[in-house]
Amino acid sequence: MSDSPVDYPIDSPVDSMSNSPVGSPVKTMVYGPCTRVFWDLVDFPFPEGLDPVFLYRSMESVLKNKLGFVGELSIMTYVDRKTFPRELREPYEKAGFTITYLPEGHRCRLMFIDISWWAKACLTDTIEPISLMVISNLNGGRLHFLDFLERW
């Protein structure tokens, strides 16, 4: 996958773990102890006015120092073009966020697939501690997604 921002049309592939070719690791995979955050920025946007580097480092500090999460931090964000203009992509990616533009109406499904794929990959190595955090405004229409997370 290219490291440069790509403007995907609605019907083209997206930069998501769920569509990565088999045997081709996505650049956001972290090996060893890790905390993976899946963040739905459409339903739960970044706080306004915060520098991307400050936001990433603050999340890292809170997760490690206050909540006891361990290892590397990886933040996958799910956005659309209406709520996250293309010009914001580069500063957030440089700060450490992975920005994933998704077609309208597919965000929850693709987040679910990405979380499932990540969990399956991580559970094959039960020696290393892993932590999962989902930041989203999930509602009653997404109960299967919530059920899955609670059972995991």
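All values derive from a computational prediction rather than experimental measurement. (Residues numbered from 1 in each chain as written. Predicted model: local features only at pLDDT ≥ 70, side-chain atom pairs only at ≥ 80, totals over all residues. Heavy atoms only, no water.)

### A word on the environment of Phe44
Reasoning step 1: Residue placement: Phe44 occurs in the loop between β1 (34-40) and α1 (52-66).
Reasoning step 2: Owing to a relative accessible area of 41%, Phe44 belongs among the partly exposed residues under this scheme.
Reasoning step 3: For Phe44 and Tyr78, which are 34 residues apart along the polypeptide, the C-alpha to C-alpha distance reads 10.0 Å.
Reasoning step 4: Apart from residues lying up to four places away in sequence, Phe44 is in contact with Trp39, Ile135, Ser136 and Asn137. (Helix = DSSP H or I, 4+ residues; strand = E, 2+ residues; numbered from the N terminus. Buried < 20%, exposed > 50% of the residue type's maximum accessible area, 1.4 Å probe, protein only. Contact = heavy atoms within 4.5 Å.)

### Describing the pattern of salt bridges
Reasoning step 1: With the rule as written, the count across this model stands at three salt bridges.
Reasoning step 2: In this structure, Lys64 engages Glu60 in a salt bridge whose closest nitrogen and oxygen atoms are separated by 3.8 Å. Of the two residues, Lys64 and Glu60 are both situated in helix α1; the distance of four residues between them amounts to about one turn of the helix.
Reasoning step 3: The partly exposed category is assigned to Lys64, whose relative accessible area is 35%.
Reasoning step 4: Two residues, Glu90 and Lys94, come together in a salt bridge whose shortest N-O distance is 2.9 Å. Residue Glu90 and its partner Lys94 are located together in helix α2 (residues 89-95), separated by four residues, close to a single helical turn.
Reasoning step 5: The class for Glu90 is partly exposed, based on a relative accessible area of 44%. (Salt bridge = Lys/Arg side-chain N within 4 Å of Asp/Glu carboxyl O.)

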